[in-house]
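Summary of structural features
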Amino acid sequence: MSTESSTPQNLSTIAELSSHEGKTVLLRGWLYNLRSSGKLLFPTFRDGSGTVQGIVPKAAVSEQVFETLKNLTLESSVVVTGRVRADARAPSGFELDVEGVEVTQRIPDETPYPIQLKEAGVDFLMEHRHLWLRTPRQSAILRVRATIMRAAAEFFDTNDFIRTDPPILTPNACEGTSELFEMDYFDDGKAYLTQSGQLYIEATALALGKVYSFGPTFRAEKSKTRRHLTEFWMIEPEACYLDLDGLMSLAEGFLTHIVRRVLEAHSKDLKVIGKDVTKLEEIVAPGAFPRLSYDDAHQMLLDAHAKGLIENAHVYGDDFGSPDETYISNQFAKPVMVHRYPAEVKAFYMQPDPGDPTKALCVDVLAPEGYGEIIGGSQRVDSYDLLKSRIEAHNLPMDAFQWYLDLRKYGSVPHSGFGMGIERCVAWICGLDHVRETIPFARTLNRIYP
RNA sequence: UCCUGAGUAGCUCAAUGGCAGAGCAUUCGGCUGUUAACCGAAGGGUUGUAGGUUCGAGUCCUACCUCAGGAGCCA
């Protein structure tokens, strides 16, 4: 094995090959697949940016190069030189006439690469996630994820939100609902991994005006579905003097920006992933996201039940179940914003609707195509007395919330914020069956290896 | 926590209660345009674990383990 400190002049990535047509380039990659036809080899190389097929006629190269490639094992690392040639037979439009090859590491015959190109089961792939990442589809998903994360941060950065990341180790539950991961914290008793940075960014919002946080969050819920991870990334904006309508407009602009950025940069990746791009183009097409009150959504579900389209009749006052959310979102091409849920089924910190105090000024954004809730947000209670009585009513430890109450004691203002789970957003935009493919190493109920 | 389903070769899966099989992968051989190439050959098994029924269990019964999908809860 050798390393090169200087960058060779003709170094290229596979993604950039089209700009080097007719020239000899140097690729650093891995052997992705190898086919042969007697004295003609077809090695396919990958380098993280894409794949390209090499052509190796026995008569055109040295015997050493031909024999090396003929006996090379899959996923061995190689440095290849070759001439870029346009060819209509190639899926990408280009092929590489191989001239030379240097094997960085040859995988021994006795220990072949465990993942084959053919189908494999979920259990096997997740056990080999560290290698599964090398497949074109998984690489494409991670590239789209990176763009979504960049676009999400960029949206708030360019709209004058200050990034203020909250602590990951917290002394108590923020909402008192979800199960938390617990750990010992020296002699101070227990600490918990954060399930949301919301309460903390309310504090930084009152310091800086408009803020956001972006980081990992943890939920020890025993949820075992295609939408749940125990560790996931959340981006949360919080802004002073922002009301519920303003919050919904913010969420709409935010999602539109993300989808636009993905469409700009990833048509090739989306094709590899198998996502129907026209569905995304509808998101950025002119027209507002539909806004649906809880009451209207309830009526929609009753109508659907009457027509036999959903199994269970929705009970007024209850939260929506997963099948309910799927039905609602399927009625629209764009994400739908359901607002003003009954206060009783929502968190203690949500501001009551002045027009109907039994309702909370909150919004859930449901992604299209049945991907469910990707954003949850609300206007926050800004009255000290009301917040205190809510904490009492929810049987939450008053001591732990003293600092949070201080935010209402000293210069309280109306303010709102939401949180978006990055993995659900990636799953929706890429059209994936499960969020486990949206993050390099998914943490789920039954799996913490590798 | 509850409901449902699945565990057989390295991987994906077959096998009416009656000889343990195929494709891919691996190894060897063939092929100058293959696109998860193709053709020929070889090696490869404690059928998740423990018990039970039976002349006979991969198959039926019981318990347990593991994984998956869903419900609830959530982003």
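Because the structure is predicted, anything quoted here is derived from the model rather than measured.

Residues in contact with RNA strand B amount to 50 residues; listed here are only the nearest, Asn-33, Glu-95, Leu-117, Arg-226 and Arg-424. Near-protein atoms of RNA strand B (within 4 Å) split between backbone and bases, with sugar and phosphate holding 49%. Within the side chain of Glu-221, a nitrogen or oxygen atom sits 3.5 Å from a base oxygen of RNA strand B. Within the contact set of RNA strand B, a phosphate oxygen lies 2.9 Å away from a backbone nitrogen or oxygen of Asn-446. Counting only elements with at least two residues in the surface near RNA strand B, the list comes to β1 (24-36), β2 (40-46), β3 (51-57), α2 (122-127), β11 (231-240), α10 (322-330), β17 (372-379) and β18 (415-421). The element that contributes the greatest number of residues to the surface near RNA strand B is β17, accounting for four residues. For the surface near RNA strand B, the class distribution of residues is 13 nonpolar, 17 polar and 20 charged.

The next subject is the layout of surface pockets. In this structure, the second largest pocket occupies an estimated 920 Å³ of space. Taken together, 32 residues form the lining of the second largest pocket, with Gly-50, Thr-51, Ser-92, Lys-268 and Val-272 sitting closest to its centre. Elements represented by at least two residues in the lining of the second largest pocket include exactly β1, β2, β3, α4 (136-157), α6 (244-265) and α7 (267-273). Here the lining of the second largest pocket is built from residues that sort into 11 nonpolar, 13 polar and eight charged.

Let us now look at the environment of Pro-166. By the element assignment, Pro-166 lies in the loop between β6 (162-163) and β7 (169-170). Through-space distance from the C-alpha of Pro-166 to that of Thr-51 is 40 Å; in sequence the pair is 115 residues apart.

Attention now moves to the domain arrangement of chain A. When the domains of chain A are assigned, the result is domain 1 (14-105) and domain 2 (130-437). Here domain 1 and domain 2 have C-alpha centroids that lie 46 Å from each other. Tallying the contact residues gives eight residues for domain 1 and four residues for domain 2. Carbon and sulfur atoms make up 44% of the surface buried where domain 1 meets domain 2, a total of about 430 Å² over both sides. A per-residue breakdown of the area domain 1 buries against domain 2 is headed by Tyr-32, Arg-46 and Gly-48, which together make up 56% of the total. Seen at the junction of domain 1 and domain 2, the total is one salt bridge. Close ionic contact of Arg-134 with Glu-75 constitutes a salt bridge, the shortest N to O distance being 3.0 Å.

Taken N-terminus to C-terminus, the directions of α6 and helix α13 (residues 422-430) make an angle of 50°; their axes are 12 Å apart at the nearest point. For the element pair α6 / α13, the angle class is oblique. Crossing geometry of α6 relative to α13 is assigned as right-handed. Counted together, Leu-255, Ile-258, Val-259 and Val-262 of α6 and Cys-425, Trp-428 and Ile-429 of α13 form the full contact between these two elements. Looking at the contact of α6 with α13, its residues break down into seven nonpolar, no polar and no charged.

Next up on the list: the pairing of strand β13 (residues 336-339). Of the two faces of β13, the one holding Val-336 and Val-338 and the one holding Met-337 and His-339 are both buried throughout. Pairing analysis gives three bridges linking strand β12 (residues 291-293) to β13, with the strands arranged parallel. In the strand pairing of β13, Ser-293 is matched with His-339. Bridge analysis of β13 against strand β16 (residues 362-367) gives four bridges, and the strand direction is antiparallel. For Met-337, the partnering residue across the bridge sits in β16 and is Val-365.

What follows covers the sheet that holds β7. Ordered in space as β7-β9-β8, the three strands form an open sheet in which the pairing is antiparallel. What marks the edges here is a single partner per strand, and that holds for β7 and β8 (182-184). One ladder, built from two bridges, connects β7 with strand β9 (residues 190-193); its direction is antiparallel. When the bridges of β9 are listed, Leu-169 appears paired with Leu-193.

Each value, and the rule that gives it
Residues numbered from 1 in each chain as written. Chains lettered and ligands numbered in written order. Predicted model: local features only at pLDDT ≥ 70, side-chain atom pairs only at ≥ 80, totals over all residues. Heavy atoms only, no water. Near = heavy atom within 4 Å. Polar contact = N/O pair within 3.5 Å; in protein donor to acceptor, adjacent residues only side chain to side chain. Helix = DSSP H or I, 4+ residues; strand = E, 2+ residues; numbered from the N terminus. Nonpolar A, V, L, I, M, F, W, Y, C, P; charged D, E, K, R; others polar. 1 Å grid on protein atoms, 1.4 Å probe; cavity = no way out; pocket = protein on both sides within 12 Å on 5 of 7 lines; lining within 4 Å. Points joined across faces, edges and corners; volume = space filled by probe spheres on them. Domains from an automatic or database assignment. Contact = heavy atoms within 4.5 Å. Buried area = accessible area lost by both parts, 1.4 Å probe. Salt bridge = Lys/Arg side-chain N within 4 Å of Asp/Glu carboxyl O. Axes fitted to C-alpha atoms, helices over the stretch in contact; angles between N-to-C directions. Parallel < 35°, antiparallel > 145°, perpendicular 65-115°, else oblique. Left-handed = near helix turned anticlockwise from the far one by under 90°. Buried < 20%, exposed > 50% of the residue type's maximum accessible area, 1.4 Å probe, protein only. Pairing = 2+ DSSP bridges.

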